[in-house]
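# Examination of the molecular architecture
Spelled out, the chains give:
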Amino acid sequence: MSIYLKQIEQLVALQRVDSEIILLKEELESAPKEVEQLEQDYSQFRERKEQILEKIDYLQSQQKRLDGEISDDDLKIKKSKNKLMMASNTKEYHAMMREMDNIEKLNRMREEERMALVEELERQRAALEEVESESSSLKENLDEKQSTLEQRVEEIEARLAVLDKQRKAAGQHVPAPVLGRYEFIRSRLAAPVIVPVMEGVCSGCNIAIPPQSFIELQKGQQILNCPNCQRLIYWCEHFEESHEPVPGKPQAAPKTHKEAAEEAE
Ligand SMILES: [Zn+2]
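Residues numbered from 1 in each chain as written. Predicted model: local features only at pLDDT ≥ 70, side-chain atom pairs only at ≥ 80, totals over all residues. Heavy atoms only, no water.

For the structure on display, the rule yields 19 salt bridges. Between E69 and R110 there is a salt bridge whose closest N-O contact spans 3.1 Å. Here R110 lies in helix α2 (residues 90-173) and E69 lies in helix α1 (residues 3-84), a separation of 41 residues in the sequence. Exposure remark for E69: the relative accessible area of 26% places this residue in the partly exposed category. Salt-bridge contacts for R167 lead to E183; the nearest nitrogen and oxygen are separated by 3.0 Å. Within this pair, whereas R167 is found in helix α2, its partner E183 is found in helix α3 (residues 176-188), the two being separated by 16 residues in sequence. The exposure class of R167 is buried, given its relative accessible area of 16%. Residues participating in the shared-partner salt-bridge network are R65, E69, D73, K76, R110 and E113. (Salt bridge = Lys/Arg side-chain N within 4 Å of Asp/Glu carboxyl O. Helix = DSSP H or I, 4+ residues; strand = E, 2+ residues; numbered from the N terminus. Buried < 20%, exposed > 50% of the residue type's maximum accessible area, 1.4 Å probe, protein only.)

Take the UniProt feature "domain: CT398-like coiled coil hairpin" (unreviewed entry) in the protein chain next. When the UniProt feature table is mapped onto this chain numbering, "domain: CT398-like coiled coil hairpin" (unreviewed entry) sits at residues 14-188. Helix makes up 96% of residues 14-188 and strand 0%, and the two end C-alpha atoms of the span are 17 Å apart. (UniProt positions renumbered as here; feature names shortened; annotations may be inferred.)

Those protein atoms acting as donors to the zinc ion are C202 (SG), C205 (SG), C226 (SG) and C229 (SG), and they sit at 2.2 to 2.4 Å. Between the four donor atoms coordinating the zinc ion, the angles at the centre fall across 104 to 114°, so the site counts as tetrahedral. Summarised as a motif, the one-chain spacing of the donors to the zinc ion is C-x2-C-x20-C-x2-C. Residue C205 is found in the loop between β2 (201-202) and α4 (211-219), and its partner C226 is found in the loop between β3 (224-225) and β4 (232-235); the two are separated by 21 residues along the sequence. Here C226 falls in the buried class, since its relative accessible area comes to 1%. (Donors = N, O, S within 2.8 Å, 3.2 Å for Na, K, Ca; no water. Tetrahedral: all angles 85-135°; square planar, octahedral: opposite > 155°, others 65-115°.)

Under the local residue numbering, the UniProt record ascribes the feature "domain: C4-type zinc ribbon" (unreviewed entry) to residues 201-232. Between the end C-alpha atoms of residues 201-232 there is a gap of 13 Å, over a span that is 28% helix and 16% strand.

Counting residues in each nonpolar core, the largest one holds 28 residues, and the members touching the most others are I8, L11, I194, L217, L232 and I233. The set of elements that each furnish at least two residues to this core consists of α1, α3, β1 (194-198), α4 and β4. With six residues, α1 is the largest single contributor of residues to this core. Contacts of L217, omitting those with residues within four sequence positions, involve Y4, V197, L224, I233, Y234, W235 and H238. Residues L59, L117, A127 and V131 belong to the second largest nonpolar core, which totals nine residues. (Core = buried A, V, L, I, M, F, W, Y, C linked by side-chain atoms within 4.5 Å. Contact = heavy atoms within 4.5 Å.)

For α3, which comprises 13 residues, the first-to-last C-alpha distance of 18 Å matches the rise-based estimate of 18 Å (1.5 Å per residue) to within 8%. Among all positions of α3, only V178, Y182 and I185 are buried. Projected onto a plane normal to the axis of α3, the buried residues spread over an arc of 70° and lie on a single side. Exposed residues pointing more than 90 degrees away from the buried face of α3 are listed as A176, P177, S187 and R188. Summarising the contacts, the buried residues of α3 are in contact with α1, α2, β1, β3 and β4. (Expected span 1.5 Å × (residues − 1). Arc of directions from axis to C-beta.)

So, in structure tokens, the structure goes:
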């Protein structure tokens, strides 16, 4: 294999490593987002639960107050009934009756208020139950996602360490000026940096290479750039045996060699 072809091969290998690094880094960035969202939802549920508990607490204290007032006044009525027998005259008797009536009226109002309170308490308890069940299933989901995420992050970091070594190794075999061109393009364009030319078309930008450049490319003597997108290019037929797809870029990738071939079928 000529030096030219070896260099191309090594650049493609470097490219493969870089593409995987890009994908993994993107995953590292986006993976925690779902967990963060779940954490937010969960804390909202807890807040809601706190609010309901506060409400229940308040309603219960109101209920207690009413219960106390009702039983106090019931007692008062009982005492008054006993005293009624001892009324010395009609005027006093009527006055005592009126007072009892007033207290009874007040207690009926309290009973109504109490019933409304009990109903509201039931509603709040049902809401509490609902929030608790939803938040516990959310928590389960969150815990699961969190441990999955931790595992995945560990995997990614381990893989990135391996790739980093591979990258250094791959870079060592490429002459510095060629590597410099590769890095220059990599810093300015979306991956991939080095792409095959198929049937005269750059698979980085899908635009035909000018005939003169294509003839140069087929000679396989020096590493060329696509005149349109500036990516490093090679002739696919120089690598007839290993028609491995060039790793595509993460999004909106120009058609890779393989994809183009598949579409042509
Ligand atoms: Zn191009």
